[in-house]
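# Structural overview
So you can see what is in the structure, the chains are spelled out below.
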Amino acid sequence: MREPLLKVESLTKAFPIRSGLLKRQTGAVQAVNGVDFHIDAGETLGLVGESGCGKSTTGRCVLRLIEPTSGDIIFEGKNVRALDGGALRALRRDIQIIFQDPYASLNPRMSVGAIIGEALVIHKLAKTGREFDDRVVSLLETVGLKADHRTRFPHEFSGGQRQRIGIARALAVEPKLIICDEPVSALDVSIQAQVINLLEDLQQKFGLAYLFVAHDLSVVEHISRRVAVMYLGRIVEMAESRALYASPKHPYTEALLSAVPIPDPKVKRQRIRLSGEVPSPANPPSGCHFHARCPIAKPLCSKEVPKLKQSADGHWVACHLR
Ligand code: SF4
């Protein structure tokens, strides 16, 4: 069996809470709590959950933009947590990231050509000015922009175009994996579809793998081969996309799916409304973190943490009752 491109095992990230004059640590926010998953070359794993569930932190830990507290991140057989200096720079060529807010992530004082070409300079990927220019133009055209856009500045573009610039910047170094951190959340629905289609086309063309982070299951449905659902720092369900959408097993996934609109007006789906808000990760509930909001919770649920078990081939669920 081929090794996955990326393997994440028992990943945790705790952010210290400090208070008082001396800023002593008085607690910790357990943003990511024992997360395991893998991504094969050329595939997309969707990572979904409400805001604050730890999905973006997980993505940033993979790239070491945030240092994990514990756990293993193995990329192409290399332990990412042990890398530094040149090896870490090389990793950041193989793994790129696209951010949610394409405007905030583009330097407003740099031209689009300079933004896209910056990584070519850092990684010494263009030997001459001509080569640099040709590569920037080719990247712009690859993402559906025009050659003369390279002399313009980010504020001259729409949100969708700015996200295309972010994608071109990520592609410049020919990565193998892109962390897509809510790349369409800030865009209109019609533009969202265009950007997702573009990402799918690029995946076909370049054999890219994606970790696609989103708060909405409908966004990741078509682009993901598998989907993992996170709740308060833990993965509660993970399955092939088709299996997860056709027969979700975890009550939280059921509730998330019930909120996804169905295009066929004849098909009715009953909306499951969850009570209460997502609890604070600084003070999570005991046992199953979901027990206070779960419509089928039993006394055991507040006492024991349910393990993520495989319930059918490739369908994993963390629930005492499923
Ligand atoms: Fe609900 Fe209990 Fe399952 Fe958690 S373990 S999802 S509280 S039934």
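Coordinates for the structure precede this section.
Here's a quick rundown of the structure. Every value quoted in this text rests on a predicted model; they were computed, and no experiment measured them. (Residues numbered from 1 in each chain as written. Predicted model: local features only at pLDDT ≥ 70, side-chain atom pairs only at ≥ 80, totals over all residues. Heavy atoms only, no water.)

Enumeration according to the criterion identifies one cavity of 30 Å³ or more in this entry. Computed from the structure, the largest cavity encloses a volume of approximately 80 Å³. If you trace the largest cavity, you find 13 residues lining it, with Cys 288, Cys 294, Cys 301, Cys 319 and His 320 closest to the centre. (1 Å grid on protein atoms, 1.4 Å probe; cavity = no way out; pocket = protein on both sides within 12 Å on 5 of 7 lines; lining within 4 Å. Points joined across faces, edges and corners; volume = space filled by probe spheres on them.)

A word on the layout of surface pockets. To find leftover empty space, a probe the size of one water molecule is rolled over the atoms. Of the voids in this model, the largest pocket is the one considered here, and its volume is about 580 Å³. The wall of the largest pocket is formed by 24 residues, among which Ser 218, Val 219, Glu 221, His 222 and Val 260 lie closest to the centre. Looking at the lining of the largest pocket, the elements that each hand over two or more residues are helix H6 (189–206), helix H7 (217–220) and helix H8 (241–246). In terms of residue count, the dominant contributor to the lining of the largest pocket is H6 (six residues). Residues that form the lining of the largest pocket fall into these classes: 14 nonpolar, six polar and four charged. Approximately 380 Å³ is the volume attributed to the second largest pocket. Lining the second largest pocket are 15 residues; nearest its centre among them are Arg 92, Gln 96, Ile 97, Ala 119 and Arg 169. Put simply, the parts of the chain that give the lining of the second largest pocket at least two residues each are helix H2 (85–94), strand E6 (95–98), helix H3 (112–122) and helix H5 (159–171). Looking at the lining of the second largest pocket element by element, the count peaks at four residues for H3. Here the lining of the second largest pocket is composed, by residue class, of nine nonpolar, two polar and four charged. (Helix = DSSP H or I, 4+ residues; strand = E, 2+ residues; numbered from the N terminus. Nonpolar A, V, L, I, M, F, W, Y, C, P; charged D, E, K, R; others polar.)

With that settled, the discussion passes to the state of the cysteines. In the structure shown here, the tally under the stated rule is zero disulfides. Distance from the sulfur of Cys 53, which forms no disulfide, to the nearest cysteine sulfur (Cys 61) is 13 Å. By relative accessible area, Cys 53 is classed as buried at 3%. (Disulfide = S-S within 2.5 Å. Buried < 20%, exposed > 50% of the residue type's maximum accessible area, 1.4 Å probe, protein only.)

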